[in-house]
Amino acid sequence: MRVLLLGGTAEASALARRLYGDTRFDVTLSLAGRTSAPGVAAVPARSGGFGGAEGLARWIGEHRIDVLVDATHPFAVRISANAFAAAQASGVPLLSLRRAPWQRQPGDIWTCVGSAEEAARALGSAPARVFLTIGRQEVGAFRAAPQHAYVVRAIEAPAADALPPGAELILERGPFDLDAETALLRSRVIDVLVAKNSGAAATYAKIAAARALALPVVMIGQPGKAAGYVVGSVEEACARLAALLDHASVPSERGV
Ligand code: NAP
């Protein structure tokens, strides 16, 4: 069964490895190509946009894809909308691997907002030292709140004109651990964090560190995403794909 797996997340990489190790599946992992070293060794991969929903539908047809799996990040809204439209147009099933958001725990001091712009406003007018960990794409929204001092952490550098003036930039890829996150918040004398509620285990330590230090967090909630058949884990995705395979009785292409 030919599977096109839209990735860019740890779960997508884990699923890609699982499917690659299973001779019933012929998997291609698709990455947006924004970061330089997403790294899923050995698994066949392609990189870069398809050219919207139509381009994705064309790719699905040209490569005779049997099932499309959307395992993209909870905040990657456009690719999921494209996946939904392309699956409909191509008549292939769409499986959507979705992560639950983090839940507020006792001791958490969260202000929940719906966008980066709202998060910038929620920081208030009094100058604060802000740890901004929302990736690089929406950092520019915080230029509207230049009264704050920012420590920005991202995998790759934002465009120079997107950074708030005077921001410190830390380029690092997770996973991060609690001790290191606590030490970072202390050393930079952080007053408040801004985070996306991605639900990822690899980036949760900063939330636990903020709780331990009684620091407030401005939490950007997950947007709604278009979805097909929704599964919540790599195991569930594998089970659903196996069920689709049984149903379709598609012969193995890798011939082992
Ligand atoms: P997006 O806004 O939903 O997508 C923008 C465009 O990038 C899409 O229309 C598509 O271009 C291309 N694209 C996105 N994901 C792709 C994939 N897996 N394979 C091929 N093309 C893809 O997405 P985004 O927020 O820019 O995120 C880009 C990638 O980074 C995603 O794969 C996502 O899983 C990952 N990521 C995102 C975040 C985040 O906070 N947004 C965080 C961590 C990882 P075309 O229309 O030309 O096909």
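Note that the structure is a prediction, hence the values are computed from the model and not measured.

Caption draft 1: Inspection of the site of the ligand at higher detail. With respect to spatial proximity, 22 residues lie near the ligand, and among them Gly7, Ser30, Arg34, Phe50 and Lys196 are the closest. A distance of 2.8 Å separates an oxygen atom of the ligand from a polar atom in the backbone of His73. Between Arg78 and the ligand, the recorded distance is 2.9 Å, taken from a backbone N or O atom to an oxygen atom. Breaking the shell around the ligand down by element, the ones donating at least two residues are strand S2 (26-31) and helix H3 (77-90). Sorting elements by how many residues they give to the shell around the ligand places H3 first, with four residues. Class assignment for the residues of the shell around the ligand results in seven nonpolar, 11 polar and four charged.

Caption draft 2: Highlighting the packing of aromatic side chains. Going through the model one piece at a time under the given rule, you end up with three aromatic pairs. Considering the side-chain rings of Phe142 and Tyr150, the 5.9 Å spacing of their centres and the 70° angle between planes classify their relative orientation as edge-to-face. A relative accessible area of 3% means that Tyr150 is categorised as buried. The ring of Phe50 carries the charged tip of Arg46 above its face, separated from the ring centre by 3.9 Å. Taking the ring centre of Phe176 as reference, the NZ or CZ of Arg153 above it sits at 3.6 Å.

Caption draft 3: Up close: the environment of Ala128. Assignment of secondary structure puts Ala128 in the loop between helix H4 (116-122) and strand S7 (129-133). Spatially, the C-alpha atoms of Ala128 and Asp191 are 6.0 Å apart, while their sequence positions differ by 63 residues. Setting aside residues up to four positions removed in sequence, Ala128 forms contacts with Gln147, His148, Ala149, Asp191 and Val192.

Caption draft 4: Here's a closer look at the sheet that holds strand S3 (residues 45-47). With respect to topology, six strands assemble into an open sheet ordered S3-S2-S1-S4-S5-S12, the strand pairing being parallel. This sheet does not close on itself; its edge strands, each paired only once, are S3 and strand S12 (229-231). Ignoring which end each strand starts from, the neighbouring axes of this sheet average 25° apart. Across three bridges, the pairing between strand S4 (residues 67-70) and strand S5 (residues 94-97) is parallel. Each bridged residue has a counterpart across the sheet, and for Asp70 the counterpart in S5 is Ser96.

Caption draft 5: Molecular detail of helix H2 (residues 52-62). Of all the positions in H2, only Gly55, Leu56, Ala57, Trp59 and Ile60 are classed as buried. Packing partners of the buried residues in H2 comprise strand S1 (2-6), S2, S3, S4 and H3. A positive phi of about 45° marks Arg64, the residue just after H2.

Caption draft 6: Representation of the nonpolar core. Counting 24 residues, the largest nonpolar core has Val3, Leu5, Leu15 and Leu241 as the members making the most contacts within it. Counting only elements with at least two residues in this core, the list comes to S1, helix H1 (10-20), S2, S4, S5 and helix H7 (234-248). Those residues in contact with Leu241 that lie beyond four places of it in its chain are Met1, Leu19, Phe25, Val67, Val69 and Leu95. Core analysis: the second largest hydrophobic core is formed by 22 residues, Phe75, Ile134, Val194 and Ile220 among them.

Caption draft 7: Highlighting the packing of H2 against H3. Close contact between H2 and H3 brings their axes to 8 Å; oriented N to C, the two are set at 50°. When the axis of H2 is compared with that of H3, the two are oblique. Where H2 crosses over H3, the handedness of that crossing is right-handed. Contacts between H2 and H3 involve Gly52, Ala53, Leu56, Ala57 and Ile60 from the former and Asn82, Ala83, Ala85, Ala86, Ala89 and Ser90 from the latter. Of the residues belonging to the contact of H2 with H3, the class tally is eight nonpolar, three polar and no charged.

Caption draft 8: Geometry of unusual backbone geometry. Between Gly174 and the following residue, Pro175, the backbone shows a cis peptide bond with an omega angle of 5°. Within the chain, Val189 stands out as a residue other than glycine whose phi angle is a positive 50°. For Val189, the location among the structural elements is in the loop between helix H5 (178-187) and strand S10 (192-196).

About the thresholds
- Residues numbered from 1 in each chain as written.
- Predicted model: local features only at pLDDT ≥ 70, side-chain atom pairs only at ≥ 80, totals over all residues.
- Heavy atoms only, no water.
- Near = heavy atom within 4 Å.
- Polar contact = N/O pair within 3.5 Å; in protein donor to acceptor, adjacent residues only side chain to side chain.
- Helix = DSSP H or I, 4+ residues; strand = E, 2+ residues; numbered from the N terminus.
- Nonpolar A, V, L, I, M, F, W, Y, C, P; charged D, E, K, R; others polar.
- Phe/Tyr/Trp six-rings, centres within 6.5 Å; stacked < 30°, edge-to-face > 60°.
- Buried < 20%, exposed > 50% of the residue type's maximum accessible area, 1.4 Å probe, protein only.
- Lys NZ or Arg CZ within 6 Å of the ring centre and 35° of its normal.
- Contact = heavy atoms within 4.5 Å.
- Pairing = 2+ DSSP bridges.
- Axes fitted to C-alpha atoms, helices over the stretch in contact; angles between N-to-C directions.
- Core = buried A, V, L, I, M, F, W, Y, C linked by side-chain atoms within 4.5 Å.
- Parallel < 35°, antiparallel > 145°, perpendicular 65-115°, else oblique.
- Left-handed = near helix turned anticlockwise from the far one by under 90°.

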